[in-house]
Each structure stands twice: as C-alpha cells, then as structure tokens.
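Listed below are the residues making up each chain.
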Amino acid sequence: MSELFSRPKIVSGDRGEVTVTPSGQPPRREAVEQVTIPEEVAVLPLRNVVLFPSTIIPLPIGREKSRRLVDSVLPDQKIIAVVCQKDPDQDDPGPEDLYTVGTATMILKLLRTEEDTRIIITGLARVAIEKFTAVEPYLRAKIRVLQEEVHKTTEIEALVVNARTIARRILTLSPNVPEEASAVLSSIESPGMLADFLASNLPLEFPAKQSLLEELAVEQRLRKVIVELQHQVDVLELSHKIQNQVRANIDKSQREYYLQEQLKAIRKELGQADERTAEAQQVKARIESAGMPPPIRAEALRELSRMESIPAMSPEYTVIRTYLDWMTELPWDKVTRDNMDVGRARRILNEDHYDLDKVKRRILEYLAVRKLAPGSRGPILGFVGPPGVGKTSLGQSIARALGRKFIRMSLGGMRDEAELRGHRRTYIGAMPGRILQEIRKAGSSNPVFMLDELDKVGADFRGDPTWALLEVLDPAQNHTFQDHYLNVPFDLSKVLFIGTANIMAPVSPALRDRMEVIELPGYTRREKLRIAMKYLVRRQLAENGLKGDQVRWTEAAMETIIEDYTREAGVRELERQIGSVCRAMAAAVAGGKVKRCTITPQVVAKALGPRRYESELAQRTSVPGVATGLAWTPAGGEIMFIEATAYPGKGALMLTGQIGDVMKESVQAAFSLLKSRAGQLHLAPDLLAATDIHVHVPAGAVPKDGPSAGVAMFTALTSLLTDRVVRPDLAMTGEITLRGLVLPIAGVKEKVLAAKRAGIKTVLLPERNRKELADLPADARRGLRFHFISHVDEALKAALGNRHRPAGNPDRSRPQKRR
C-alpha cells in the first residue's frame, strides 16, 4: 500500500501491464448513484487486476477484442463491466475463463497514441454476471448489481478506527509517502469505501483481492483487510529494523575507517609506524634473519608484498600471514654441531645398548667419514628386527652420541600422503606435513629423524604415503624436498633418517632400495641375561621407587624369568615381568614387611605365579611320525612340530593346521619324494597305496606358511612309514626339491636362537646357509651341533640314523600289511 501512495506501480491489464497511480480523492457515493447501470453491458477481461468500486485506474488496450469493445461502446455507451480472468496466460478468454463477480465501471477518458491505446476507468459498483449473451465481436453479458451488507454498529466503528490506525502506521514506516495520502485516508467515511480503498492498495495476489471483491459483508471485509494490513506492518517493522542494523554497521565501519585514517596521519606526523606497517616490518625482519636461500627469500618477500596490499579483514590476509610464520620458523640454516669424538660415541652406544656390534660399527664409520668429509650426505639406515630388540631406543642413542636433536614419527596406520607432504593452501586449515612440522619443533635442520613402523604404512583413495617417502629417503633428491603447503624446496640432505620395521616384506621394493638395511635379530639367553642385569633392572627399580641397596637380583632369578615366563626375541616382555616382581617388592617394602630383599627363583615364582612356558619336546617326539622344524615369525624364531599319522585307506593325503599354499606344496613335494624313494627306504610296494596319511602342524589357530619346512615334512613322513623315532634333541629347516636337494632358507639366526631357547642340541641347516653361521654370536652357537645338508638322505641319516624298524615290534598306530 505504501508503494502505491508513493510512486506508480506496474500491474497487469487486459494486455498484461497497466500503470496504477494514486486515485486521490475517491468519487463520492452520491455521484456514483446518479449513474444508471444497464442490465446488459460489454464485458472487458482483465489480467492480474481486480478493480474495486470508487477506484480510478488507467488500462492499456492491447487485445483485438478489447479494441473492438472500446470502439463500439464509445462515445454513446460508457458503462462496461470489468472481470478478472482466472488464468492470466489465456490470450482469448471465454465465459468459463472469467470470475462471476466483477465491477461495473465508467470509461472516463480515451487516450490514443501511435504506440498504444489507453482508457481511464472508475469503478461504480459490484456486479454479478448472470448470463453471457455474446462472445463475438466481444463479450457481452447480463449483469446484476450487488448490494453491500452493512449495519451501523459499534463493532463496525471499532473496525474502521483500527483499520485507519494500522494504515497510518504503514504510512509512517513507508518512505517517500505523499503528504496527501493521510488526508485521503481520513476523508473516507463509508466503511465499505474504506475497505475497498485499502484493499485496492494492498500488495496482494489477485485471487486474494478477488476474494475481497466478492465479500459483500462489510464487517467481514474489514476484518480480512485488517489482517493483511497487520501483516504489512510486521513486514515493514522488520525491514525497518534490518535497515537500522545495516546502517549502524555501515556507520560503525565508516567511523572506524575514518578513525584509522586519522590515527595513521597522527602517527605519521609523530614519526611512528601504524600497526600494519609495524607488523609488515617485523615479518620482513624475520624473513631476512631466517637464513633462507635467495630464491626462497624472494618468494617470501613476494608473499609479504601481497599481504601488505590486502585488507586486514580479508581471509586471504590471515592465510598469507600464517604461511609467512611457517616460512620464518623453519630452521633453514640452523644446525647442531656434530660431536666428532669417536671414542665418546662408542662409549655412549655401549652404555645404552648391549651387543648390536654391527649397528654400532656403522654409526662410528659414519662419524669417521663426517670427520674426514664434513660435506658428505648422511646415510639412510633401516633397522629391521622383531619387537623389543631396541630399534627405537637405538635411534635415541645415536642422536645422543652425535649430539643431535632426535625426532620420532610413527607411520603405523598412516594412509594419507598429505600427512607427510602437507595440504595446498587452497584448502581451509591447510598446514605443512608432519616432516616439516617435526623439523620446526626440533629447531634444527640436521636432526636424527626416526621413521618408525615402515612396514605398517597403509594406502587408500587419498594416496600412498610411501610415494612421499621415496623422495624423503633418497639422498639424490631430498635436498630439494617440496612440501605442498610451502611450495618451495627444503633441504633434508643433512637429516640422518632411520627407518624401522619388524619385517621388510610389506615395504615397497623402491623404498627398500633407498635404505641401508641392518638386521637386528633376537637376543640369546645369555644376551638377555646381561641386558636385564645391566639395564632393565636398574630402570625398573627407579620406576617403582626402589633403591639398589633395597633389592638385589640374582642371575638364577633372572634366568627363571627368561626361561619360564617369556618367549620372545626381544626383551619387552622380560622388562614387564621384571617390573611385576619389582612392584611386589615395592609393596612389601612400603608395608614394612621387609627392608631389604634378594630376588631368588622362589621369590619370582611367588610374585609371578606358575610358570607359563614348558618344554614339551621330549614327549612330543617320542613316537614315530613327529619331527621338529624351525620357523621364522615377525617376533623372532619358533620351533614347529610336524605330526604325521597313518591309517588304512586309498593313498590319500590330508593336511591340517591352517597351513598356507606354499607349505601345502612342500608337503606334496615331500610325499611325492617319499613315494619315489619307497624302494630305498625298504617300504612295501603296496603300503602307500593302501594307506591314508594325515599331516598336522599344531597350534591350528596360527596361520603358517613358507617352504622351509620341507625337510621336516619329509623326515616326519619317513619316520612314520619306517617306524623310526626322530631324535628328540634335533631340529631342522630347509626347502626340498623333487630330486631330494635341500635349498637355502632365510632367518637362520632367528631359527637357531629359537632352537637354543627350546633346548635343542643338534640343528640341521642347508649347506648353502653355512656362510651365515659367521653372523651368529659365539654364545648362540655354544652347546649346539650343526649339520649342513645338501640332500634329504643326509637329513635322514642325521635324524633317524641307520636303524630300521625292529622285527616283531609293530607300531599299533601304523597300518599293517593285510594277509
């Protein structure tokens, strides 16, 4: 309504658009009553326009039928009926396309121009279409004038006052309202005329206006108009509130900007720099002092120039500021000075770790090379061994020996390449990768950087972190390592990288090729004893609040823990058991039961309970068909029993024990070799054809695979069918062929240590593994006899001897020849 008072409004007439202007003072009711409305009039359809009585509007005439109507009724007959059509898109509406209630109007003026034809009409009264009498050349119909239902009551007066009050509120909230609008509103006395006047100026959809036109009860019409007026008041008040808030924010921003400019001018007069200038100067000073290479410094200064030209409130400003912080905080030229004292480094390594001579020798060689050639690049070392052998702690000792910072980053479970290389700055919350983050924390560009758990790196749709490690661990490339976030090269060639893994099989060949792999096998019993007495006991006493003079450990007690309570290649579980005993002693000391105590095997048994591991070797190899093999696992070596039994059948072979495809093929090869050598082994010709054989590898819940059990499989089958017992103190390993040859295997040291732990006295190894015996410590070889075999006959001779099955002493578990 406010817009209609203030300026012309475009609405649809019978051609689609008309211009509605303020009607000013509406015609007086008595003037309208003097006009005679015929019973039959011409009907003019309107689009999206509802004309109320006492309303004057101009209408453009565009349709051909409408032009014929105007030409026909003027100048003699000026009374026509205007009716709104239901579908505004209908170009040629018929009687069924029009509403049945319209307005009788008088044509006040006809305006013709070259562009269009317009008429100015005024509403006279509501009429109902009784019947259409013609559709050509234009619509004509019989009409009936509708009389308003109005009663002069107090309620009507209250509605009129309420409508005027709300309308004046709208005029107050509306901008650019003519002064005469309020006067026009006050001059309307008739309740019906007031309702029609307000309804014609309300911005309603034409179906709603048509509903108001058809409402003859003035009281109900006023109530509907008041509801729409109140809605307009709510909209205008909310709009006014929003405008005030926006204006206040704009005024505040303009005021702050004006004050900031004044503050800049004042500081300039005083010779002081403003806050942004001071910040830019501070960042520039940090860039100059960061020690960046010239191309990188130029890039940082270019980003600083961009930051200075961007408003401080812009999000890009914060992104560049954070980027420059990272650039200036990285240790571009900050290094820790290597301690070149080889004797000191040897002493530190010996203090922290027992044995591991190969690793210590390699670190001392690196120190010697650095001393002779300071510009040489650091090696990329890879420590491989079972858990608990000291791979991670060895890295810490190397850093201490060199006088460098130590960084450890676990790669276990890492699946996103961006965790190493970072995210590009286009992403929200982007930051550098873990490698540069850790180097920044260390504050040195030449730390000892340990990449732990290389064999547990994952890969998914986000990429493979191994790809990023290829550049990091390549001495020919890592001097120009480029993080996605920084997008400038960073020199990693001064970093001493150390990778660790339990096994190297999952590590990609390309990554394996970039490392100098050093194997850390498991410890012997004697080595564990020395490590425990020298390092672990001291650490556990300190962690449990005990002093050296309060608790004294005996070697017998430590050997009890090693033999009866642990089965591992490393010493992690051993340290836990030592800690359990120390806690029991701490409880006794704190309770006042004892002041000093000596740890004996009896004290260990009381603190740790019944022993967890027992040797079943003697009883498990006391029958034919059982042989002891040696296996390699990520946790070290293990002994493995091969059991075979036979029963009457058709020569079938059954395999159980959750063994893999490779091990199944080893059993098949052993069985085929046995069949081919049946005559040499003095087996009856029809024995194998009438016997089913079942081979089982105990610990069925544990998956097993590999070819190295071939010798043990063949020995167990031969033992079963020749009824000879395998020596209980002998274990064997080796892959076999169908020709009976014994091929070399891997994991010799781990398997020998497992045999040593299990109480084995004799070990059969492939001849081609003889050279690897030199890497075994003397303690591991002590008490063991080694037989190096190149053919299965040598294995049978060592394991079974030349004894044949005694006559007259059949084995009831072995099938007998049918008579």
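Structure shown above.
Reference entry: report on the structure contained in this document. (Residues numbered from 1 in each chain as written. Predicted model: local features only at pLDDT ≥ 70, side-chain atom pairs only at ≥ 80, totals over all residues. Heavy atoms only, no water.)

### Quick word on the overall build of the protein
Step number 1: If you tally the helices and strands in the protein, you get 28 helices and 26 strands.
Step number 2: Counting only C-alpha atoms, the protein reaches 145 × 100 × 65 Å along its principal axes.
Step number 3: Counting over 819 residues, the protein shows a buried share of 48%.
Step number 4: When contacts within the protein are restricted to residue pairs at least 6 apart in sequence, long-range pairs at least 24 apart make up 74% of them. (Helix = DSSP H or I, 4+ residues; strand = E, 2+ residues; numbered from the N terminus. Buried < 20%, exposed > 50% of the residue type's maximum accessible area, 1.4 Å probe, protein only. Contact = heavy atoms within 4.5 Å.)

### Brief notes about the packing of aromatic side chains
Step number 1: For the structure on display, the rule yields 4 aromatic pairs.
Step number 2: Considering the side-chain rings of W332 and F490, the 5.1 Å spacing of their centres and the 55 degrees angle between planes classify their relative orientation as tilted. One end of the pair, W332, is in the loop between helix 11 (315-329) and helix 12 (342-352); the other, F490, is in strand 13 (residues 489-490), and 158 residues separate them in sequence. Residue W332 shares its accessibility class with F490, and that shared class is buried.
Step number 3: For the pair F449 and F497, a centre-to-centre distance of 5.5 Å together with 35 degrees between the ring planes defines the contact as tilted. Of this pair, F449 sits in strand 11 (residues 448-452) while F497 is found in strand 14 (residues 496-501), placing the two residues 48 residues apart along the sequence. When sorted by exposure, F449 lands in the same class as F497, which is buried. (Phe/Tyr/Trp six-rings, centres within 6.5 Å; stacked < 30°, edge-to-face > 60°.)

### What to know about the sheet that holds strand 14
The pairing of strands in a sheet happens through backbone hydrogen bonds and is either parallel or antiparallel.
Step number 1: Strand order in this open sheet of 5 strands is 10-11-14-9-15, and the pairing throughout is parallel. The open sheet is flanked by strand 10 (406-410) and strand 15 (516-519), the only strands paired with a single partner. Sheet twist, expressed as the average angle between the axes of neighbouring strands with direction ignored, equals 20 degrees.
Step number 2: Here strand 9 (residues 380-384) pairs with strand 14 via 5 bridges, running parallel. Bridge pairing links L381 to I498 in strand 14. (Pairing = 2+ DSSP bridges. Axes fitted to C-alpha atoms, helices over the stretch in contact; angles between N-to-C directions.)

### Details of empty space enclosed by the protein
Step number 1: Scanning the model with the defined rule gives 1 cavity of 30 Å³ or more in all.
Step number 2: Estimated volume of the largest cavity: approximately 40 Å³.
Step number 3: Every residue along the wall of the largest cavity is listed here: L46, V49, V50, L51, V82, V83, C84, V101, G102, T103, Q210 and L213.
Step number 4: Elements with a contribution of two residues or more to the lining of the largest cavity: strand 5 (79-84), strand 6 (101-112) and helix 7 (206-214). (1 Å grid on protein atoms, 1.4 Å probe; cavity = no way out; pocket = protein on both sides within 12 Å on 5 of 7 lines; lining within 4 Å. Points joined across faces, edges and corners; volume = space filled by probe spheres on them.)

### Here's the deal with unusual backbone geometry
Step number 1: Looking along the chain, the bond that leaves E136 and enters P137 is cis, with omega of 0 degrees.
Step number 2: By the element assignment, P137 lies in the loop between strand 7 (117-134) and strand 8 (140-145).
Step number 3: The residue N487 is not glycine, and still its phi comes out positive at about 60 degrees.
Step number 4: Turning to its location among the elements, N487 is positioned in the loop between strand 12 (481-482) and strand 13.

### Brief notes about the side chain of E575
Step number 1: With respect to the element layout, E575 can be found in helix 21 (residues 572-590).
Step number 2: A residue is classified by how much of its surface remains accessible, and E575, at 16% relative accessible area, is buried.
Step number 3: Setting aside its immediate chain neighbours within four residues, E575 contacts L536, R539 and Q540.

### Here we look at a nonpolar patch on the surface
Step number 1: On the surface, L238, I242 and V246 cluster together to form a nonpolar patch covering roughly 260 Å² of accessible area.
Step number 2: Its location among the elements puts L238 in helix 8 (residues 218-270). (Patch = residues over 30% accessible without salt bridge, like charges linked within 9 Å, V, L, I, M, F, W, Y side chains within 5 Å. Areas by Shrake-Rupley, 256 points an atom, 1.4 Å probe, with all protein chains shown as cover. Salt bridge = Lys/Arg side-chain N within 4 Å of Asp/Glu carboxyl O.)

### Here's the deal with the layout of surface pockets
One way to see where empty space is left: roll a probe the size of a water molecule over the atoms.
Step number 1: Quantified by volume, the second largest pocket comes out at close to 650 Å³.
Step number 2: Lining the second largest pocket are 26 residues, and of these G388, V389, G390, S393 and R539 sit closest to its centre.
Step number 3: For the lining of the second largest pocket, the secondary-structure elements that each account for two or more residues are helix 12, helix 14 (391-402), helix 19 (525-543) and helix 21.
Step number 4: Among the elements that line the lining of the second largest pocket, the one with the most residues is helix 19, at 6 residues.
Step number 5: Here the residues of the lining of the second largest pocket are counted per class, giving 9 nonpolar, 6 polar and 11 charged. (Nonpolar A, V, L, I, M, F, W, Y, C, P; charged D, E, K, R; others polar.)

### Re the pattern of salt bridges
Step number 1: Under the definition given, this model contains 49 salt bridges.
Step number 2: Of the charged contacts, one joins R221 and E148 as a salt bridge, the two residues approaching to 3.3 Å between their closest N and O atoms. Taken together, the residues span a long stretch of sequence, with R221 in helix 8 and E148 in the loop between strand 8 and helix 4 (154-173) at a distance of 73 residues.
Step number 3: Given a relative accessible area of 0%, R221 falls into the buried group.
Step number 4: We note a salt bridge from K224 to E215, for which the minimum N-O separation is 3.4 Å.
Step number 5: Owing to a relative accessible area of 34%, K224 belongs among the partly exposed residues under this scheme.
Step number 6: A single salt-bridge network, built from bridges that share partners, covers E279, R286, R321, D325, E329 and R440.

### Description of helix 10 (residues 294-308)
Step number 1: Taking 1.5 Å of rise per residue, the 15 residues of helix 10 would be expected to cover 21 Å, and the 21 Å separating its terminal C-alpha atoms lies within 8% of that figure.
Step number 2: Turning to helix 10, its buried residues number three or more, namely I296, A300, E303, L304 and M307. Down the axis of helix 10, the buried set is contained in an arc of 105 degrees. They therefore lie on one face. Exposed and oriented more than 90 degrees from the buried face of helix 10 are P294 and P295.
Step number 3: Where helix 10 is buried, its residues touch helix 9 (275-289), helix 11 and strand 13. (Expected span 1.5 Å × (residues − 1). Arc of directions from axis to C-beta.)

### Quick word on the packing of helix 25 (residues 710-722) against helix 28 (residues 792-800)
Step number 1: The N-to-C vectors of helix 25 and helix 28 enclose an angle of 60 degrees; their axes lie 10 Å apart at closest approach. One element, helix 25, and the other, helix 28, form an angle in the oblique class. The hand of the helix 25/helix 28 crossing is right-handed. Here V711, F714, T715, T718 and S719 of helix 25 lie close against helix 28, whose contacting residues are V792, A795, L796, A799 and L800.
Step number 2: Residues of the contact of helix 25 with helix 28, tallied by class, amount to 7 nonpolar, 3 polar and no charged. (Parallel < 35°, antiparallel > 145°, perpendicular 65-115°, else oblique. Left-handed = near helix turned anticlockwise from the far one by under 90°.)

### Examining the side chain of N201
Step number 1: Relative to the assigned elements, N201 resides in helix 6 (residues 191-201).
Step number 2: There is a polar contact of 3.3 Å between the side chain of N201 and the side chain of S200. (Polar contact = N/O pair within 3.5 Å; in protein donor to acceptor, adjacent residues only side chain to side chain.)

### Description of the environment of A300
Step number 1: Tracing the backbone through its elements, the reader meets A300 in helix 10.
Step number 2: Looking at A300, the relative accessible area reads 0%, which means it is buried.
Step number 3: Linking A300 and E735, residues 435 residues apart in sequence, is a C-alpha distance of 62 Å.
Step number 4: Not counting the four nearest positions on each side in its chain, A300 is found in contact with I287, M292, L324 and M327.

### Observations regarding the environment of R530
Step number 1: Residue placement: R530 occurs in helix 19.
Step number 2: The exposure class assigned to R530 is partly exposed, which follows from its relative accessible area of 25%.
Step number 3: Each C-alpha atom of the pair R530 and M558 lies 9.7 Å from the other, and the pair is 28 residues apart in sequence.
Step number 4: Non-local contacts of R530, meaning those with residues more than four positions away in its chain, are made with Y354 and E555.

### Observations concerning the pairing of strand 19 (residues 636-648)
Step number 1: Where strand 18 (residues 626-633) and strand 19 come together, 8 bridges link them in antiparallel fashion. In the strand pairing of strand 19, A627 is matched with I642.
Step number 2: Two strands pair when backbone bridges link them, and strand 19 and strand 21 (residues 691-696) are joined in this way by 6 bridges, in the antiparallel orientation. Residue pairing for strand 21: E643 is matched across the bridge by H696.

In short, geometric facts, not functional conclusions.
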